[in-house]
There are 2 protein chains.
Amino acid sequence: MQVARNKQRRTERRADLVDAARRAMLEHGSAVRLNQVAEVAGLTSGAVLYHYPDLQELLLEAHRAGMERFYDQRLRAVEGVTDPVRKLVMTITSGLPVDSEDEDVRLLCELGGAAGRNTVYAALLTALYDRQVSMYQVILEIGAAQGVFSLKDPSLTIGRNLVALEDAYGYRMMARHPSIDHAAASRLILDYARLATGHPLPAD
Amino acid sequence: MQVARNKQRRTERRADLVDAARRAMLEHGSAVRLNQVAEVAGLTSGAVLYHYPDLQELLLEAHRAGMERFYDQRLRAVEGVTDPVRKLVMTITSGLPVDSEDEDVRLLCELGGAAGRNTVYAALLTALYDRQVSMYQVILEIGAAQGVFSLKDPSLTIGRNLVALEDAYGYRMMARHPSIDHAAASRLILDYARLATGHPLPAD
DNA sequence: CCGCTCTTTGAATCCGCATTCAGAACGAAA
DNA sequence: TTTCGTTCTGAATGCGGATTCAAAGAGCGG
């Protein structure tokens, strides 16, 4: 079955290119050149075009991959944690870039800038936002049901505000705000979470 | 004194170009072409280069102008209002794009995407953020001094979170989130402001 | 109306990029 | 080793944008 093997190597190669495109966008922004992607991949532009005749499609895949990477990482960071308080705190922490060099978040910021003009990118980001809101809603509702949290607003409202704060502080950190680093941003968001849940949330 | 008149017209012409660049960026993003700027200005690329030999400098000025426009507009929206409650509510409202087509905010979003790679843009955005935070701090402190607000966190914390929420919902609106429009975003931010100020803030 | 300077044009030039493609290189099976 | 399909290269082509510049145009004082 050489046919199956070929098919597999083909998808592997395409995945390599998606990752190269992702890294190239980190360096050159959303308006990255085909040559720049090829250079990162260690290939010529022709080879890239052989696998992805349409560069736009490749960039879209790269953005999608970056989003999934970010989201999966968050899920993995809190998997197995059952205590709602710990889970909420850890989720907030995992939604912020680790530092101003964080690759995944930088890519999302690039995407955010382009989303104003590109409806496909806009749809991707909107979907990611809503998924993250749902993630928070589950945590909040479980905590409320257990009597740990006493929510001062609907879980949808709190979830939306929490994700919004994460996004905004992500941008601030990417822009290297001198006094807002990962710890400071965490504290700011936790201050809101405390008010909204009525729980003194240890900083951990 | 033809010398003085010349100088004035020269600066006027440069201001025209800055505005043309601003509008061109709205259409084509931060990576706008010289030709596109020239077209918006109703000139040829050579004429643009005559006034701004360096395109990067022109784009920087355009971004700076866009920021000032946005900030001045906010200040003007609340000037003359003395009641802290009304002032807070109006400030929150004025910080959000009016709709998903809002030019000033779209430009700021473009800028946000580029700030991850461009330190000058990053500095501009950071300065704008801090100015807006200060704006909120003044309102909050006055309201607290008058006994209208009972702040649940330091004014710096609340101000930072308020501006962060505005920024984030600005991005959401630019990405045309189906259920977050100007009214919904206002409500979400006001929900936080209520918790943080201990005041029932009428929606107005 | 003339002459001066500042401004703008339009053409020429150069450069970099995307795109195409013939053929080289590679790898697997026979 | 030969054959055959897949992958990749490197050169050719063509387009679009940046940049330069001589010359035309426009405004203004004399």
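Bear in mind the structure is a predicted one, so any value in this text is a computation, not a measurement.

Draft legend 1. Here's a closer look at the protein's contact with DNA strand C. Taken together, 15 residues lie near DNA strand C, and Leu34(A), Arg13(B), Thr44(B), Tyr50(B) and His51(B) sit nearest. Here the atoms of DNA strand C within 4 Å of the protein split so that 80% fall in sugar or phosphate, with bases taking the remainder. One of the backbone nitrogen or oxygen atoms of Asn35(A) is found 3.3 Å away from a phosphate oxygen of DNA strand C. A distance of 2.8 Å separates a phosphate oxygen of DNA strand C from a polar side-chain atom of Thr44(B). Elements represented by at least two residues in the surface near DNA strand C include exactly helix 2 (34-41) and helix 3 (45-51) of chain A together with helix 1 (2-28) and helix 3 (45-51) of chain B. Here the surface near DNA strand C takes 4 residues from helix 3 of chain B, the largest share from any one element.

Draft legend 2. Structural view of the UniProt feature "DNA-binding region" (unreviewed entry) in chain A. According to UniProt, the positions carrying the feature "DNA-binding region" (unreviewed entry) are residues 33-52 of chain A. Between the end C-alpha atoms of residues 33-52 of chain A there is a gap of 14 Å, over a span that is 75% helix and 0% strand.

Draft legend 3. Up close: the UniProt feature "domain: HTH tetR-type" (unreviewed entry) in chain A. When the UniProt feature table is mapped onto this chain numbering, "domain: HTH tetR-type" (unreviewed entry) sits at residues 11-70 of chain A. Along residues 11-70 of chain A the backbone is 82% helical and 0% strand, and the end-to-end C-alpha distance reaches 22 Å.

Draft legend 4. How the structure looks around helix 9 (residues 182-197) of chain A. Taking 1.5 Å per residue as the helical rise, helix 9 of chain A with its 16 residues ought to reach 22 Å, and the 22 Å between its terminal C-alpha atoms agrees with that figure. Of all 16 residues in helix 9 of chain A, 12 are buried; the element is thus mostly enclosed. Here helix 9 of chain A has its buried residues at Ala184(A), Ala185(A), Ser186(A), Leu188(A), Ile189(A), Leu190(A), Asp191(A), Tyr192(A), Ala193(A), Leu195(A), Ala196(A) and Thr197(A). Its buried side turned inward, helix 9 of chain A meets helix 5 (84-94), helix 7 (119-145) and helix 8 (155-174) of chain A together with helix 8 (155-174) and helix 9 (182-197) of chain B.

Draft legend 5. Structural view of the domain arrangement of chain A. Residue and element names in this part refer to chain A. Segmenting chain A into domains produces domain 1 (1-53) and domain 2 (62-197). Look at where the C-alpha atoms of domain 1 and domain 2 centre, and you get two points 30 Å apart. Each partner contributes residues to the interface: domain 1 has 8 residues there, and domain 2 has 12 residues. Where domain 1 abuts domain 2, roughly 860 Å² becomes buried across the two surfaces, and 61% of that area is made up of carbon and sulfur atoms. For the domain 1 face of the interface with domain 2, the top three residues by lost area are Arg 22, Met 25 and Leu 26, together amounting to 67%. Our count for the contact surface shared by domain 1 and domain 2 stands at 1 salt bridge. The salt bridge involving Arg 22 is made with Glu 103; its shortest N-O contact spans 3.5 Å. Counting across the interface, domain 1 meets domain 2 through 3 residue pairs in polar contact (both at pLDDT 80 or more).

Draft legend 6. Representation of the protein's contact with DNA strand D within the structure. In the neighbourhood of DNA strand D, 15 residues make up the surrounding shell, with Arg13(A), Thr44(A), Tyr50(A), His51(A) and Leu34(B) lying closest. Here DNA strand D approaches the protein such that, of its atoms within 4 Å, sugar and phosphate make up 82%. Arg13(A) is positioned with one of its side-chain polar atoms (N or O) 2.8 Å from a phosphate oxygen of DNA strand D. The separation between a phosphate oxygen of DNA strand D and a polar side-chain atom of Thr44(A) is 2.9 Å. If you list the elements that add at least two residues to the surface near DNA strand D, you get helix 1 (2-28) and helix 3 of chain A together with helix 1, helix 2 (34-41) and helix 3 of chain B. Broken down by element, the residue count for the surface near DNA strand D peaks at 4 residues, all from helix 3 of chain A.

Draft legend 7. Spatial organisation of the pattern of salt bridges. One pass over the full model with this rule turns up 26 salt bridges over all chains. A salt bridge links Arg131(A) to Glu68(A); the nearest nitrogen and oxygen atoms lie 3.0 Å apart. Of this pair, Arg131(A) sits in helix 7 while Glu68(A) is found in helix 4 (residues 55-78), placing the two residues 63 residues apart along the sequence. Arg176(B) serves as the salt-bridge partner of Glu101(B), at 3.1 Å between the closest nitrogen and oxygen. Of this pair, Glu101(B) sits in the loop between helix 5 (84-94) and helix 6 (103-115) while Arg176(B) sits in the loop between helix 8 and helix 9, and the two are 75 residues apart along the sequence. On the basis of relative accessibility, which here comes to 42%, the residue Glu101(B) falls in the partly exposed class. One salt-bridge network, in which partners are shared between bridges, spans Asp19(A), Arg22(A), Arg23(A) and Glu103(A).

Draft legend 8. The arrangement of the interface of chain A and chain B in detail. On the side of chain B, 42 residues touch chain A, which itself brings 42 residues to the contact. When the buried area of chain A at its contact with chain B is split by residue, Arg117(A), Arg172(A) and Leu195(A) rank highest and sum to 16% of it. In this assembly, chain A and chain B are joined by 4 salt bridges. Among the ionic pairs, Glu110(B) bridges to Arg117(A), the shortest N-O distance being 2.5 Å.

Draft legend 9. Spotlight on unusual backbone geometry. At Leu201(A), a residue that is not glycine, the phi angle is positive and equals roughly 25°. Inspection of the secondary structure assignment puts Leu201(A) in the segment after helix 9.

Draft legend 10. Region of interest: the relation of the copies chain A and chain B. Taken as rigid bodies, chain A and chain B are interconverted by a rotation of 180° and an axial shift of 0.0 Å, the fit giving an RMSD of 0.2 Å. Taken together, the turn and the small shift mark the pair as related by a two-fold rotation axis. Residue Gly113(A) of chain A places its C-alpha closer to the rotation axis than any other residue of that unit, at 2.1 Å. A share of 100% of the interface residues of chain A reappears at the interface of chain B, consistent with the copies meeting face to face through the same patch.

Conventions used here
- Residues numbered from 1 in each chain as written.
- Chains lettered and ligands numbered in written order.
- Predicted model: local features only at pLDDT ≥ 70, side-chain atom pairs only at ≥ 80, totals over all residues.
- Heavy atoms only, no water.
- Near = heavy atom within 4 Å.
- Polar contact = N/O pair within 3.5 Å; in protein donor to acceptor, adjacent residues only side chain to side chain.
- Helix = DSSP H or I, 4+ residues; strand = E, 2+ residues; numbered from the N terminus.
- UniProt positions renumbered as here; feature names shortened; annotations may be inferred.
- Expected span 1.5 Å × (residues − 1).
- Buried < 20%, exposed > 50% of the residue type's maximum accessible area, 1.4 Å probe, protein only.
- Contact = heavy atoms within 4.5 Å.
- Domains from an automatic or database assignment.
- Buried area = accessible area lost by both parts, 1.4 Å probe.
- Salt bridge = Lys/Arg side-chain N within 4 Å of Asp/Glu carboxyl O.
- Least-squares fit on C-alpha atoms with pLDDT ≥ 70 in both.

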